[in-house]
Amino acid sequence: MIEELKKEKKILHFITNLPSRDLISIATLKKIIKGYFNNILHPEIARYLHPETRKYKRKVEAPKKIFNYILCMFAQRFGIFISEPPPPVVRVEVVRGCNFKCIMCGAWKFKLKFLTFDQVKYILHYFRSSWIFLPHAIGEPFLNKDIYEISRYAHYNLNFLIDISSNFSVINPERALDMGAYEIRASIDSINKEKFFELRHGNFNKVKENLVEILRLKQKQNKIYPMVSINTVISKLNIDEIEDILNFGLSLGVRRFHWITLSDGHLLSKPYDISLEDILNLRKILHKYEREAAIKFLSFRGDIVGYEADGYCFHAFQIPSIDVEGNVYPCYRVLGDKSSSFGNIFSEPQKVFKNRSLFLRKFRSSPPEFCKRCELYYRKPGVYFYKSKIFKFPVFRQPIRF
């Protein structure tokens, strides 16, 4: 029975490695999806999963959302548009501004501005068939007092999987456990107080206090979700602390770590960037901990691929970003640059989706200049962080109960 659980990976392997000359019909896609649900959610298989995991999977993994995801991958990998699928993921900037001054981000330069619960509710109405909701962008999401209500509505009413990153300085651990999130990531780039302040200009003690508290409450309430993980942006200033951060998290009970390269953009920069050689050395270090924790490496570089898809930019096809004013962008990198916007979701929603469709259909033949200049526009298969080329799907990697 345990072997049957591997069918999820086999399906993704088939889809992501399908040669461009082999077309696939809608009927075949439906058979794949039906097989997925017949196997992974079959009672004899599901009984090996934690009850809370089974419940969460059934709620967010609707057949239509899986189907849309597959159609989106076909458009990205092969340039085949079977229909006009909505993006699998939607990112919404619920806050513009931040209480930290991270060296790689310019969010702190802005006066605080928020999207209200009703505004986010309106936005999500247009993405009901999307799968994952990221209620964060360039600011600290928990500065928005509506964030808990926003997340609960998105999950319990619209069946979104919620993945949220935070600097953990103002989070309410008790409320966070009840916000319907799948994963909450604590952004920790150093466990040295002085180095942490140098990188993020924040109070490490407060971050640690909130992280410890949310893990304590989660254990006390015997909860699987939200998963609490550590998110680390890697630079030359902290690459020597990677094992220290890992051991710090493991000592607290964290079993999921995200390692992210620096990225540039309209509001982002890449100070103290590392080399490819640094990353390959990092891979050797992290490999030692694969049995102790889930290791997720996300690359925003053109010379190495992490768990994200290679080829044409997966951000453009899968993750549009919406700023605090309602402007919709192809990706997070140009968020805030209105000249790159598809339009405003509040005032001209039809224009937004029409422009996005044209953008994607012309992505291979005539992309905009900001895409041509981007190192993520097209990444040739080359250096991979993971030994396997199978897409490292970052959803539902929970322990199996034997």
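Definitions and cut-offs
Residues numbered from 1 in each chain as written. Predicted model: local features only at pLDDT ≥ 70, side-chain atom pairs only at ≥ 80, totals over all residues. Heavy atoms only, no water. Helix = DSSP H or I, 4+ residues; strand = E, 2+ residues; numbered from the N terminus. Buried < 20%, exposed > 50% of the residue type's maximum accessible area, 1.4 Å probe, protein only. Pairing = 2+ DSSP bridges. Right-handed = clockwise from strand over helix to strand, strands pointing away. pLDDT = per-residue confidence, 0-100. Contact = heavy atoms within 4.5 Å. Core = buried A, V, L, I, M, F, W, Y, C linked by side-chain atoms within 4.5 Å. Disulfide = S-S within 2.5 Å. Salt bridge = Lys/Arg side-chain N within 4 Å of Asp/Glu carboxyl O. Phe/Tyr/Trp six-rings, centres within 6.5 Å; stacked < 30°, edge-to-face > 60°. Lys NZ or Arg CZ within 6 Å of the ring centre and 35° of its normal. Expected span 1.5 Å × (residues − 1). Polar contact = N/O pair within 3.5 Å; in protein donor to acceptor, adjacent residues only side chain to side chain.

Engineer: Looking at this structure, how should I read unusual backbone geometry?
Structural biologist: Working note: non-glycine residues mostly have negative phi, and peptide bonds are mostly trans. Following Tyr225, the chain continues into Pro226 via a peptide bond in cis, with omega recorded as 0°. Considering the arrangement of structural elements, one finds Pro226 in the loop between α10 (204–220) and β7 (227–234). In this structure, Asn159 takes a positive phi of about 60° despite not being glycine. On the secondary structure map, Asn159 appears in the loop between α7 (147–156) and β5 (161–166). Accessibility expressed as a relative area gives 27% for Asn159, which makes it partly exposed. Of note in this structure, His201 is not a glycine but carries a positive phi near 50°. Its place among the elements puts His201 in the loop between α9 (193–200) and α10.

Engineer: What exactly am I supposed to notice about the pairing of strand β6 (residues 183–187) here?
Structural biologist: Strand residues, when the strand is regular, have side chains that alternate between the two faces of the sheet. Within β6, five of the five residues are buried, which leaves the element mostly enclosed by the surrounding structure. Across the two faces of β6 the burial is the same, with Glu183, Arg185 and Ser187 and Ile184 and Ala186 all buried. Where β5 and β6 come together, four bridges link them in parallel fashion. Residue pairing in the sheet places Ile164 in a bridge with Ile184 of β6. With five bridges connecting them, β6 and β7 associate as parallel partners. For Ile184, the partnering residue across the bridge sits in β7 and is Val228.

Engineer: Is there a simple way to think about the pairing of β7 in this case?
Structural biologist: Counting buried residues in β7 gives eight out of eight residues, a clear majority hidden from the surface. Burial along β7 is two-sided: the face carrying Met227, Ser229, Asn231 and Val233 and the face carrying Val228, Ile230, Thr232 and Ile234 are both buried. In the sheet, β7 pairs with strand β8 (residues 256–261) via five bridges, with the strands oriented parallel. Residue pairing for β8: Asn231 is matched across the bridge by His258. Regarding the hand of the β-α-β motif, the stretch spanning β7, helix α11 (residues 242–252) and β8 is right-handed.

Engineer: Before we go on, may I ask you to explain the confidence of the model for the protein in this structure?
Structural biologist: Do not read the predicted coordinates in detail wherever pLDDT is low. Summary statistics for the protein give a mean pLDDT of 85 and a share of 83% for residues scoring 70 or more. Note on residues 44–48: pLDDT under 50 across the span, and 15 contacts to partners over four residues away in sequence or across chains. Counting contacts from residues 388–402, a segment whose pLDDT is below 50, to residues more than four positions away or on other chains yields 46 contacts.

Engineer: I would appreciate a short explanation of the sheet that holds strand β11 (residues 321–322) in the present structure.
Structural biologist: The pairing of strands in a sheet comes from backbone hydrogen bonds and takes either a parallel or an antiparallel form. Within the open sheet, the ten strands sit side by side as β9-β8-β7-β6-β5-β4-β1-β11-β12-β13. Their pairing is mixed. On the outer flanks of this sheet lie β9 (294–298) and β13 (343–344), each paired with one strand and no other.

Engineer: Before we go on, may I ask you to explain the side chain of Asn231 in this structure?
Structural biologist: Summarising the element assignment, Asn231 is placed in strand β7. The residues touching Asn231, leaving out its near neighbours within four places in the chain, are Ser165, Arg185, Ala186, Ser187, Ile188, Asp189, His258 and Ile260.

Engineer: What's the story with the nonpolar core in this structure? I'm lost.
Structural biologist: In summary, soluble globular proteins display a tendency toward joint burial of nonpolar side chains. Counting residues in each nonpolar core, the largest one holds 119 residues, and the members touching the most others are Phe133, Leu211, Ile214 and Trp259. Considering each element in turn, this core owes the most residues, eight residues, to helix α5 (residues 63–78).

Engineer: Would you mind showing me how to read the state of the cysteines here?
Structural biologist: The term disulfide refers to a covalent linkage connecting the sulfur atoms of a pair of cysteines. Tallied over the full model, the rule gives zero disulfides. Looking at the unpaired Cys98, the closest cysteine sulfur is the one in Cys102, lying at 5.8 Å.

Engineer: Where do I start with the pattern of salt bridges in this structure?
Structural biologist: Two side chains of opposite charge can pair, provided their charged atoms sit close to one another. One pass over the full model with this rule turns up 23 salt bridges. In this structure, Glu325 and Lys113 form a salt bridge, with 3.4 Å as the shortest nitrogen-oxygen distance. Taken together, the positions of Glu325 in the loop between β11 and β12 (327–329) and Lys113 in strand β3 (residues 113–114) put the pair 212 residues apart, joining distant regions of the chain. Under the relative-accessibility criterion, Glu325 is labelled partly exposed at 32%. A residue is classified by how much of its surface remains accessible, and Lys113, at 38% relative accessible area, is partly exposed.

Engineer: Is there a simple way to think about the packing of aromatic side chains in this case?
Structural biologist: We describe a pair of aromatic rings using the distance from one ring centre to the other and the angle between the two ring planes. Throughout the structure, instances matching the rule amount to 25 aromatic pairs. Ring geometry for Tyr312 and Phe363: centres 6.2 Å apart, planes at 75°, overall edge-to-face. Of the two residues, Tyr312 sits in strand β10 (residues 311–312) while Phe363 sits in the loop between α14 (349–361) and α15 (369–372), which places them 51 residues apart along the sequence. A relative accessible area of 18% means that Tyr312 is categorised as buried. Three or more aromatic residues link up through ring pairs in this structure, and these residues are Phe81, Tyr312, Phe317, Phe342, Phe359, Phe363, Tyr377 and Tyr378. The ring of Phe160 carries the charged tip of Lys65 above its face, separated from the ring centre by 4.9 Å. Over the ring of Phe110 we find Arg96; its NZ or CZ atom is 4.9 Å from the centre of that ring.

Engineer: In this structure, what is going on with α10? I would like to understand it.
Structural biologist: Between its first and last C-alpha atoms α10 spans 24 Å; for 17 residues at 1.5 Å apiece the expected length is 24 Å, and the two agree. All buried positions along α10 are accounted for by Phe204, Val207, Asn210, Leu211, Ile214, Leu215, Leu217 and Lys218. Against α8 (173–176), β6, α9, β7 and α11 lie the buried residues of α10. If you check the start of α10, you find a side-chain oxygen 2.9 Å away from the backbone N of Asn205, and it comes from Asn203. Phi turns positive one or two residues past the end of α10, at Asn222, with a value near 55°.

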